[in-house]
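# Fold and geometry: a report
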Amino acid sequence: MNSVQTVFWVVALLVVLALVFDFMNGFHDAANSIATVVSTGVLKPQQAVVFAAFFNVVATFVFQLKVAATVGKGIAMPEFIDHHVVFGALIGAIFWNVVTWYYGIPSSSSHALIGGIVGAVVAKAGFGALIAAGVMRTVMFIFVSPLLGFLLASLLMVAVAHLFRRASPLRVDNWFRRMQLVSAGLYSLGHGGNDAQKTIGIIWMLLIATGYTSAADKLPPGWVIWSCYLAIGLGTLFGGWRIVKTMGQRITKLKPVGGFCAETGGAITLFLATGLGIPVSTTHTITGAIVGVGSVRRASAVRWGVAGSIVWAWVFTIPASALVAALFYWVSLLLFD
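All of the points below concern the structure found in this document.

Scoring rules and cut-offs
- Residues numbered from 1 in each chain as written.
- Predicted model: local features only at pLDDT ≥ 70, side-chain atom pairs only at ≥ 80, totals over all residues.
- Heavy atoms only, no water.
- Helix = DSSP H or I, 4+ residues; strand = E, 2+ residues; numbered from the N terminus.
- Buried < 20%, exposed > 50% of the residue type's maximum accessible area, 1.4 Å probe, protein only.
- Contact = heavy atoms within 4.5 Å.
- Areas by Shrake-Rupley, 256 points an atom, 1.4 Å probe, with all protein chains shown as cover.
- Salt bridge = Lys/Arg side-chain N within 4 Å of Asp/Glu carboxyl O.
- Phe/Tyr/Trp six-rings, centres within 6.5 Å; stacked < 30°, edge-to-face > 60°.
- 1 Å grid on protein atoms, 1.4 Å probe; cavity = no way out; pocket = protein on both sides within 12 Å on 5 of 7 lines; lining within 4 Å.
- Points joined across faces, edges and corners; volume = space filled by probe spheres on them.

## A few points about the overall build of the protein chain
In terms of regular secondary structure, the protein chain is built from twelve helices and zero strands. Reading the protein chain from its N terminus to its C terminus gives the helix and strand order α-α-α-α-α-α-α-α-α-α-α-α. Scored against the burial criterion, the 337 residues of the protein chain give a buried share of 57%. Of the contacts made within the protein chain by residues no fewer than 6 positions apart, 89% connect residues no fewer than 24 positions apart. When the accessible surface of the protein chain is totalled, it reaches about 13,900 Å², and 74% of it is carbon and sulfur.

Written out as structure tokens, the structure is:
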């Protein structure tokens, strides 16, 4: 096998590995899209995953690929990217996803991938190979996205309580059971739009590094876009059931009105971040929104111990995935050279 064929097969294997990560992202983060609508009883679990997966894929037609451009060109300098870096980044992200899924911890697939890229690039070329502005924006939104989700969901909950103050609880419940279908669809749309683009970005990064496309191209190849959106939709279809209970009931008890406010606040946050090209965590966003809804009712309605353990998982996501990515960057040097 000549060198051109070798590069082709290495790239093909890494694309498959990236799509495995994308599938796992949907599988792991399905809870973000469906936990509220399942826990309030608006949809059965099997209905909810089909509903969410559909809107994950529909996001292809809604959002520009600004997040993909940030991941593909805005986290690390293109000249330091090669197949070893991509391999390390993907293994680091997949490792963290598996660990947190196994223990039912709603952590961020997005930041696991960013941590993987950072760890592998630093292992190869040091911190100077990173693009500080892109990394800092991503790190900043670890805190901004849940806070914004919290704020928007809280404000919505207060507004809804005011508007429906004279309505009977039964009428409110019936109304928001229907409205929650709208909010869940919007959240799943935002989830697909932001998260699928992260995998599009890393495949784009790989294709640029290996000469299959140019850094000057404004868009990645069409097959990359479609395969990533379909992979995340398929992952959502299978659902990460271990995390659904944590998101839907352990943080706070939700009713349809609370589910609507949490999903709508989270969806607005995701739409804003995707429009700005910032890779954010759908997990962080919906967790902040759920806590916001619970805190409006009363502070004691939130199980702060559960919320605190989730935050600790957020803190460790980037360094843990970066460490594993650095290790597997060096393993890759042995495997592929």
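## Thoughts on the pattern of salt bridges
Under the definition given, this model contains three salt bridges. The partner of Lys198 in a salt bridge is Asp195, and the shortest N-O contact between them spans 2.5 Å. Note that Lys198 and Asp195 are positioned in helix H7 (residues 169-209) at a spacing of three residues, about one turn of the helix. Exposure class is identical for Lys198 and Asp195. Each is buried.

## Points about the environment of Leu327
Looking at where Leu327 falls in the secondary structure, it is placed in helix H12 (residues 304-336). With 208 residues separating them along the chain, Leu327 and Gly119 place their C-alpha atoms 8.6 Å apart.

## A look at the packing of aromatic side chains
Following the criterion strictly, the structure yields nine aromatic pairs and no others. Taking 6.3 Å as the distance between ring centres and 15 degrees as the angle between the ring planes, the aromatic pair formed by Phe23 and Phe27 counts as stacked. In this pair, Phe23 and Phe27 are both assigned in helix H1 (residues 3-39), four residues apart and thus about one turn of the helix distant. Residue classification places Phe23 among the partly exposed residues on the basis of a relative accessible area of 27%. Ring geometry for Phe176 against Phe260: centres 5.2 Å apart, planes inclined by 55 degrees, an arrangement best described as tilted. One end of the pair, Phe176, is in helix H7; the other, Phe260, is in helix H10 (residues 256-276), and 84 residues separate them in sequence. Taking the relative accessible area as the measure of exposure, Phe260 reaches 11% and is therefore buried. Counting every residue linked through ring pairs, the aromatic cluster contains Phe51, Phe54 and Phe55.

## What about empty space enclosed by the protein?
Tallied over the entire structure, the rule returns one cavity of 30 Å³ or more. As for the largest cavity, its lining consists of Gly72, Lys73, Pro78, Ile81, Met205, Ile208, Ala209 and Ala215. Of all the secondary structure elements, the ones that give two or more residues to the lining of the largest cavity are helix H3 (66-73) and H7. When residues in the lining of the largest cavity are grouped by element, the largest group, three residues, is from H7.

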